Amino acid sequence: MPSRESRQLDKRTVSEILSALRKHTATLLWIEPLLLAAMIYGFWFRSPARDAWLPLLAGIPILFAIRWLARGRFLTRTPLDGLLLAFLLISILNIIFAPYRRVQDDAVYSWLILNCRPLLGVYLYLYFVEVARIHRHLNGLLSLTGLLTVLVIFLALTTSQWNSKSDQMRFIIDVLPRFTGFPDANDGFNANEIAGALVWVVPLALGLGALRLRGWRWIWLGMGALGLLALILGQSRSAIFGTLFMLALMTPLLIGGWRGRLMAWAGIAVLVVLEIMIIRNVFQPQQDRKS
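Residues numbered from 1 in each chain as written. Predicted model: local features only at pLDDT ≥ 70, side-chain atom pairs only at ≥ 80, totals over all residues. Heavy atoms only, no water.

Some words on empty space enclosed by the protein
In the structure shown here, the tally under the stated rule is 2 cavities of 30 Å³ or more. The space that makes up the largest cavity amounts to roughly 40 Å³. In terms of lining, the largest cavity is formed by A156, S160, W162, A191, I194, A195, L198, A230, L231, G234, Q235 and S236. When residues of the lining of the largest cavity are traced back to their parent elements, those giving at least two are helix 8 (191–211) and helix 9 (217–234). The leading source of residues in the lining of the largest cavity is helix 8, at 4 residues. Across the lining of the largest cavity, the residue classes break down as 8 nonpolar, 4 polar and no charged. One number sums up the size of the second largest cavity: a volume of about 40 Å³. L228, L231, I232, I240, T243, L244 and L271 together form the lining of the second largest cavity. Mapped by element, the contributors of at least two residues to the lining of the second largest cavity are helix 9 and helix 10 (237–254). (1 Å grid on protein atoms, 1.4 Å probe; cavity = no way out; pocket = protein on both sides within 12 Å on 5 of 7 lines; lining within 4 Å. Points joined across faces, edges and corners; volume = space filled by probe spheres on them. Helix = DSSP H or I, 4+ residues; strand = E, 2+ residues; numbered from the N terminus. Nonpolar A, V, L, I, M, F, W, Y, C, P; charged D, E, K, R; others polar.)

Right, here's the structure in full:
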């Protein structure tokens, strides 16, 4: 029977081995931002070119395992975990019940093709939460988010494929610069698709503006206003009403005092009325309505 001293020595040995293992595996986590950068680049393209990058998704569980060895956790738990899981489950059900599949013979591969970008978005969120936990501040992430917001709004205003729903705003669209020739998007971006990105960044920009972070308030508010303009011009109506609904919910959470809240809700109501007028062709010339 081993003595007490030998048992203590065995425990110290195991502890030292685990400590060394965690130290060395932690250095492997530098691969994570490289994996994310490769996924962002590869998933930019449309299928079938995008399909060749799908094996990168296998790196996500591998890096989760490395994080568990290095830090004792797969990921940092947040209040949004349940909603993210529900989102992924809905996407699975969508593939099962949808009448059209990209890959008829392999439902799993079909799901990866159609959902690699949403999976990338969820993974980005989890990675950013982990970075914020380690560094205990959001400065770098907020700067990166600001650059991304500027890029999305710039693309929305200058590269959108405007359609007939936007004709009533032609007096604004015609004075905007126009850029084309992007890789895999030579003629610009579908207005509905880019509205899907605006739904995320516009409430974020306006929310950060409401928080008055370090003198950047008016910059965030300005970006949010330009994002709202891009949404109105693009006329993706589900995106517009979804964004306004989210802003209405955010108002009491971010704005203290009833005066500020009422002003924010009044501005949202004005935008709702404006959008209803656009839908009803109020601003369309009379001769065009008759024709």
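As for the packing of helix 10 against helix 11 (residues 258–279)
Remark: helix 10 packs on helix 11, axes separated minimally by 9 Å, with the N-to-C direction vectors making an angle of 165°. In terms of their interaxial angle, helix 10 and helix 11 are classed as roughly antiparallel. As helix 10 packs across helix 11, the resulting crossing turns out to be left-handed. For the pair helix 10 and helix 11, contact is made by R237, I240, F241, L244, L247, A248, T251 and P252 and by R261, A264, W265, I268, L271, V272, E275 and I279, respectively. A class-by-class count of the residues in the contact of helix 10 with helix 11 yields 12 nonpolar, 1 polar and 3 charged. (Axes fitted to C-alpha atoms, helices over the stretch in contact; angles between N-to-C directions. Parallel < 35°, antiparallel > 145°, perpendicular 65-115°, else oblique. Left-handed = near helix turned anticlockwise from the far one by under 90°. Contact = heavy atoms within 4.5 Å.)

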